[in-house]
Protein chains: 2
Amino acid sequence: MTDIVTAAMIVIGDEILSGRTKDKNIGHLADIMSAIGIDLKEVRIVPDEEDEIVAAVNTLRERYTYLFTTGGIGPTHDDITADSISKAFGVPCEYDSRAYAMLEENYAKREMEFTEARKRMARMPRGAEHIDNPVSLAPGFRIGNVHVMAGVPAIFQAMLDNVVPTLKTGAKLISATVHCPYGEGVIGDALGKIQKEHPQTIIGSYPKYQDGTFWTELVVRARSEEILEPARAAIERMVGGLADTSAGIGAPRVTR
Amino acid sequence: MTDIVTAAMIVIGDEILSGRTKDKNIGHLADIMSAIGIDLKEVRIVPDEEDEIVAAVNTLRERYTYLFTTGGIGPTHDDITADSISKAFGVPCEYDSRAYAMLEENYAKREMEFTEARKRMARMPRGAEHIDNPVSLAPGFRIGNVHVMAGVPAIFQAMLDNVVPTLKTGAKLISATVHCPYGEGVIGDALGKIQKEHPQTIIGSYPKYQDGTFWTELVVRARSEEILEPARAAIERMVGGLADTSAGIGAPRVTR
């Protein structure tokens, strides 16, 4: 805990630079790094161009303890992050057998074709380790001090939760999830108020949609149970209050 | 309009890297650049450290047609952007006589002391030109191809509106403002819907607070009157509808 641990981030994607997609990952990484005592020193947003990604990766992985990237690990032709990271490290980019088997099995189960595009998500630099993706399965990866994660905020945040305990700060974050049967529009103001009242926590809101229904997973993260619990309880009360006063979709379900 | 015009952005500030403040300027600059046909190619977020700012400025101003910076031009000791830009260009950073006189007069009018800290806001590289600040007076500045603007989103956006017509794309943006007597919480969802229905416009919402009252200035920007007008009318209808159904604070005031 006494050494200064530093980090940088690369956000990869033309869609951020064009304004089509608004980045939500920089602020989240900044919050998490602050909470676990790592100094985020620099962020770069670069386009989907191999030379640009390679140059940024090689500059920043040398300068800082850790480098985190988001974006460009999906199935489409412009997802070139795995190739670019491989090139930066001078190793081949190849199908990872475990990721390949996992995706193959998953698509078979869902009776969906395991297309060439989907197979791309199993590619990573030789020697990389998986970063598990509990949301949509296709893993991120770590090679050296570089952590390569998804650009979709809910997936990025879940991957980062898996990375945090491996970082050398001694600091850990614990989390609790409150299931909320309403969309973000309904709870946004109240949730913002709770965040302000619990400044040492990091509260995330993950909108969900399935079978015609919207709901939200609310995740509180904090350094200790003493800090976490009052915020979790406040969120639960807020959601419970909505169930009493509105459509009465039912009491919130809480999972830890 | 045929040459490719490129741009980069530097966001300056420890508060963004620590997560304390969430950046809102990258997405806005990206939107505006796309709308006027300039390719935003790279964004860097750097700390309040002179060496870091100088290095980023000198790298990016060489590589791209335009460089835009936000942050670090306020009155406090950690506002070192003017000094850093001066150093990057190898010119002295000094009080700009016109900015100094303007601020001095303004503070005198408001019967506030023109402190050393406030005087800092009149400092800029020798030879720089003002970028007017219609919100809080203290100007940004342009030197060479570098445009130095405030980090506060409403001020940044107003300064950028002044910069856009000077950029060499031939493209212009026009804007209309709708005064809205409600806070952002009331109009957020409806405004988001209007933005989706008018994808060629850029709709900004600027929360205001004075004398115990919250209100919002809603600004629509677009390439032409034909694109602008339907979005402006939709916003006016939305705000008017709220006046009919709720507290009845009064009809919206529209200024062009």
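A short tour of the structure in this document, coming up. (Residues numbered from 1 in each chain as written. Chains lettered and ligands numbered in written order. Predicted model: local features only at pLDDT ≥ 70, side-chain atom pairs only at ≥ 80, totals over all residues. Heavy atoms only, no water.)

## Remarks on the pattern of salt bridges
Here is the rule: Here, a salt bridge means any Lys or Arg side-chain nitrogen found within 4 Å of an Asp or Glu carboxyl oxygen. Where helices and strands are cited, they refer to DSSP runs of H or I of at least four residues and of E of at least two residues respectively, numbered from the N terminus. A simple rule labels every residue: compare its accessible area, found with a 1.4 Å probe on the protein chains alone, to the largest value its type can have, and call it buried under 20%, exposed over 50%, or partly exposed in between.
Using the criterion set out here, one finds 30 salt bridges over all chains in the structure. One salt bridge connects Asp 31 of chain B with Lys 22 of chain A, and the closest N-O pair in it is separated by 3.0 Å. In this pair, Asp 31 of chain B sits in helix α2 (residues 25-36) while Lys 22 of chain A sits in the loop between α1 (14-17) and α2 (25-35), so the two residues belong to two different chains. The class of Lys 22 of chain A is partly exposed, set by a relative accessible area of 39%. Between Lys 109 of chain B and Glu 105 of chain B there is a salt bridge, and its shortest N-O distance comes to 4.0 Å. Of the two residues, Lys 109 of chain B and Glu 105 of chain B are both situated in helix α5 (residues 97-109); the distance of four residues between them amounts to about one turn of the helix. Lys 109 of chain B sits in the exposed class, given a relative accessible area of 64%.

## Looking at α2 of chain A
All names here are of chain A. Most of α2 is tucked away, with nine of its 11 residues classed as buried. Regarding α2, the residues found buried are Asn 25, Ile 26, Gly 27, His 28, Leu 29, Ala 30, Ile 32, Met 33 and Ala 35. Once α2 ends, the next one or two residues include Gly 37, with phi positive near 80°.

## Some thoughts on the packing of aromatic side chains
Residue and element names in this part refer to chain A. Note the following rule: Working definition: a ring pair exists when centres of Phe, Tyr or Trp rings (six-membered ring for Trp) sit within 6.5 Å. Plane angles under 30 degrees give stacked, over 60 give edge-to-face, the rest tilted. Geometrically, a charge over a ring is one whose NZ (Lys) or CZ (Arg) sits within 6 Å of the ring centre while staying within 35 degrees of the ring normal.
Under the counting rule described, the total for this entry stands at eight aromatic pairs over all chains. Here the aromatic residues Tyr 95, Tyr 100, Tyr 107 and Phe 114 are joined through ring pairs into a cluster of three or more. Lying over the aromatic face of Phe 89, Arg 61 brings its terminal NZ or CZ to 3.8 Å of the ring centre.

## Quick notes on the pairing of strand β3 (residues 66-70) of chain A
Residue and element names in this part refer to chain A. This is how the line gets drawn: Strand pairing follows a simple DSSP-based rule, namely that at least 2 bridges must link the two strands.
When you tally the buried positions in β3, you get five out of five residues, the bulk of the element. Neither face of β3 is open: one carries Tyr 66, Phe 68 and Thr 70, the other Leu 67 and Thr 69, and all of them are buried. By the bridge criterion, five bridges tie strand β1 (residues 6-12) to β3 in an arrangement that is parallel. Bridge pairing links Val 11 to Thr 70 in β3. In this structure, β3 lies alongside strand β8 (residues 146-149), joined through four bridges in parallel fashion.

## Some remarks on the environment of Met 33 of chain A
Residue and element names in this part refer to chain A. Within the secondary structure, Met 33 is located in helix α2. Met 33 gets classed as buried once you look at its relative accessible area, which sits at 0%. For the pair Met 33 and Val 164, spaced 131 residues apart in sequence, the C-alpha to C-alpha distance is 8.9 Å.

## Points about the interface of chain A and chain B
By a frequent convention, interface size equals the accessible area lost on bringing the separate parts together. Applied cut-off: Any pair of residues with heavy atoms lying within 4.5 Å of one another is described as a contacting pair. Accessible area, probed at 1.4 Å, shrinks when two parts are joined; the buried area is that loss added up over both. We define a polar contact as two N or O atoms separated by no more than 3.5 Å, with the added condition that, inside protein, one atom must be a possible hydrogen donor and the other a possible acceptor, whereas residues neighbouring each other in sequence contribute only through side-chain atom pairs.
Every contact between the two is made by 24 residues of chain A and, on the other side, 24 residues of chain B. Of the roughly 1800 Å² buried at the junction of chain A and chain B (both faces included), carbon and sulfur atoms supply 45%. Ranking the residues of chain A by area buried against chain B places Leu 17, Lys 41 and Ile 45 of chain A at the top, with a combined share of 25%. Applying the counting criterion to the chain A and chain B interface returns six salt bridges. The salt bridge partner of Lys 41 of chain B is Glu 49 of chain A, with a shortest N-O separation of 2.6 Å. At the boundary of chain A with chain B, the tally comes to 10 residue pairs in polar contact (both at pLDDT 80 or more). Going through the elements one at a time, α1, α2, β2 (39-46), α3 (50-63) and α8 (184-197) of chain A are the ones with two or more residues in the side of chain A that touches chain B. Residue contributions to the side of chain A that touches chain B peak at seven residues, all from β2 of chain A.

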